[in-house]
Amino acid sequence: MKGECREEEGLGPKPAAPQQPTEEEEALIEFHRSYRDLFQFFCNNTTIHGAIRLVCSKHNRMKTAFWAVLWLCAFIMMYWQFGQLFGEYFSYPVSLNINLNSDKLVFPAVTICTLNPYRYTQVKEELEELDRITEQTLYDLYKYNSSNTLGAHPRGRRDLRETWPHPLQRLRVPAPPSGARRARSAASSVQDNNPQVNRKDWKIGFQLCNQNKSDCFYQTYSSGVDAVREWYRFHYINILSRLPDTSLSSGEDMLDNFIFACRFNQASCNQANYSHFHHPMYGNCYTFNGKNNSNLWMSSMPGIKNGLSLTLRTEQNDFIPLLSTVTGARVMVHGQDEPAFMDDGGFNLRPGVETSISMRKEALDRLGGNYGDCTKNGSEVPVENLYRSKYTQQVCIRSCFQENMIKQCGCAYIFYPLPKNAEFCDYRKHNSWGYCYYKLQDAFSSDHLGCFTKCRKPCSVTSYQLSAGYSRWPSVTSQDWIFQMLSRQNNYTINNKRNGVAKLNIFFKELKYKTNSESPSVTMVTLLSNLGSQWSLWFGSSVLSVVEMAELIFDLLVITFLMLLRRFRSRYWSPGRGGRGAQEVASNPASSFPSHFCPHSTSLSSSLPGPAISPALTAPPPAYATLGPCPSPSSLAGAHSSAYTLGKP
């Protein structure tokens, strides 16, 4: 069977009819013969609602079409909802969870500065020379004589300009075109009878050029106060850059002259509770309860008596009056492992006032990865942390600016930490660093440097919400004895009494603190639940129905593959594909074929007498090229007739 021929054995019994295959002999995997049979079987047996109506209504074409359209619309709507659910899941939304906790709290670090930069001994002469040049500049521009210094040093401004680059100048602003002036006058409904003020026609600034003087610009200001301060600050930075690193970092520790009294939790402070550093603009700064403190302060009770209380001396010594134009002190509350950026988060204390700062702690935990652009410790941020502290966004941004400053200008900005193998900017060594710095500052503000893009937000942030209250201190009735006690206790005479002292209280308003944490809004469990809800809504089925759909798709693919394979075989492997094959069949005798590869032709078997031959034996054989050509019909007929003749009695 199956393409093989039964061998002729001469006379013998009548061949038995082939047996039909039983259930045990059937194939293990069966597929439907056509798409129609497959869909009919699916609609009759599936658990999906509405599918059977496509078969039951096949004699009513209108109902069949109605249910087919309805079933297809439900299918489209369901998968549209699936697309919405998957889109929401892969957008990675987050939910904000707010928790209120109550426990003993670690008191934050408090940094306080004198707002009084002082003169270093190593550069005292250069600072005095800068003061004389500034006084001469003020006299030339505004006819203001601030002291008798010029009398003691009768050098004119022309002599001073020879030794100090980038002199401060008055620049005229070009007048607008006459047409624009007339249009502006016509648009005004109120007639201006006041004469033109000359001060609006000029600005104050100083010139900055690149290395080869091919490109220059003026750094100008409309306010003379701002221009003088910025110009003085620019030269002050150059002078400080000539100091050794040890002198710049240590400075002078004058805590006793700045803080009259310090108490925390009704106990006096000691030297181990604070650390000192010097800020170029804010002078001496002291950090209480910082990371260098061996025993951090803990707050077990809220209230003003259980916090930090400081009595400060705010009297100005006029160290550098052209650089510092305010009086009082500057305070900042921050974490122990975070640097004190006094420009960003600090606030000033007013002399003669008791300032009470109440705090509330807040913590924020963000989700990283696909749920948010944050970093846990900054290890994946492509910016080197120049501060020996915890990663914060401000730390990264300042480190990024310093990195670009060194790369483009060849020197480091003195307000930021100094990297290895670098030096601070000084126009004696880097004569065009000012030009490069102001250009770089503009590019930094517009994010052309990419610092705000590179520096990601930290995933965990602890902040303190501050609220302030003010009252006059000391009062009129108590100021006499308070000033006397402060003067005798600290051996220091306060000249201007009320303007020379201030009081600061920092405490927790309550021990409750809020924690804001992010969590995924759509998890995998939520997604599967929503998908199941949509599937039940449109088809009223379950997970097993999904398996039935998967089986249907698999059967469709298999049937399609088999149909393509059948078409391919019928095209390239069909018997008798050309004249050459026919000629080979005619030229070869029948004896050249093996007996088991020689099937009988249907026409021959029907014309010969004898036992009936099974239809399975009448199937045309495949034209295998390796088997050789088949014998001609005449030879096959002769062979059969001879065999039949021998069998007669």
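Everything numeric here is computed off the predicted structure, so don't read it as measured data.

Take the sheet that holds strand E3 (residues 109–113) next. The strand order E9-E10-E3-E13-E14 describes an open sheet built from five strands, whose pairing is antiparallel. Here the strands that pair on one side only, and so sit at the sheet edges, are strand E9 (274–279) and strand E14 (347–349). Here the average twist between neighbouring strands, direction ignored, is 25°. With six bridges joining them, E9 and strand E10 (residues 283–288) adopt antiparallel strand pairing. Looking at the pairing, tyrosine 274 lines up with phenylalanine 288 of E10.

We now examine helix H13 (residues 433–445). With 13 residues, H13 should reach 18 Å at 1.5 Å per residue; the first-to-last C-alpha distance of 18 Å fits that figure. Of the residues making up H13, those classed as buried are Trp433, Gly434, Tyr435, Cys436, Tyr437, Tyr438, Leu440, Ala443 and Phe444. Taken from the residues just after H13, aspartate 447 is the one with a positive phi, measuring 60°.

Here the focus is the packing of aromatic side chains. Scanning all chains against the criterion turns up 37 aromatic pairs. Centre to centre, the rings of phenylalanine 206 and tyrosine 438 are 6.3 Å apart; their planes meet at 65°, and the pair counts as edge-to-face. Taken together, the residues span a long stretch of sequence, with phenylalanine 206 in strand E5 (residues 202–209) and tyrosine 438 in helix H13 at a distance of 232 residues. Across this residue pair, the class does not change: phenylalanine 206 and tyrosine 438 are buried. Between the aromatic rings of phenylalanine 234 and tyrosine 427, the centroid separation amounts to 6.0 Å while the plane-to-plane angle is 40°, which identifies the pairing as tilted. In this pair, phenylalanine 234 is assigned in helix H8 (residues 224–240) and tyrosine 427 in the loop between helix H12 (393–409) and H13, connecting sequence segments 193 residues apart. According to the relative accessible area criterion, phenylalanine 234 is buried, its value standing at 2%. Judged by its relative accessible area of 10%, tyrosine 427 is buried. An aromatic cluster is built from Phe206, Phe234, Phe401, Tyr413, Phe415, Tyr416, Tyr427, Trp433, Tyr437, Tyr438, Phe444 and Phe452, whose rings are joined through pairwise contacts. The residue whose ring lies beneath lysine 361 is tyrosine 513, and the NZ or CZ to ring-centre distance is 5.2 Å. Positioned above the aromatic ring of phenylalanine 217 is the side chain of lysine 439, whose terminal nitrogen or guanidinium carbon lies 5.0 Å from the ring centre.

Bringing the UniProt feature "transmembrane region" (unreviewed entry) in the protein chain into the picture now. In this structure's numbering, the residues bearing the UniProt feature "transmembrane region" (unreviewed entry) are residues 64–82. Structurally, residues 64–82 is divided into 100% helix and 0% strand, and its ends, taken at the C-alpha atoms, are 27 Å apart.

Criteria and thresholds
- Residues numbered from 1 in each chain as written.
- Predicted model: local features only at pLDDT ≥ 70, side-chain atom pairs only at ≥ 80, totals over all residues.
- Heavy atoms only, no water.
- Pairing = 2+ DSSP bridges.
- Helix = DSSP H or I, 4+ residues; strand = E, 2+ residues; numbered from the N terminus.
- Axes fitted to C-alpha atoms, helices over the stretch in contact; angles between N-to-C directions.
- Expected span 1.5 Å × (residues − 1).
- Buried < 20%, exposed > 50% of the residue type's maximum accessible area, 1.4 Å probe, protein only.
- Phe/Tyr/Trp six-rings, centres within 6.5 Å; stacked < 30°, edge-to-face > 60°.
- Lys NZ or Arg CZ within 6 Å of the ring centre and 35° of its normal.
- UniProt positions renumbered as here; feature names shortened; annotations may be inferred.

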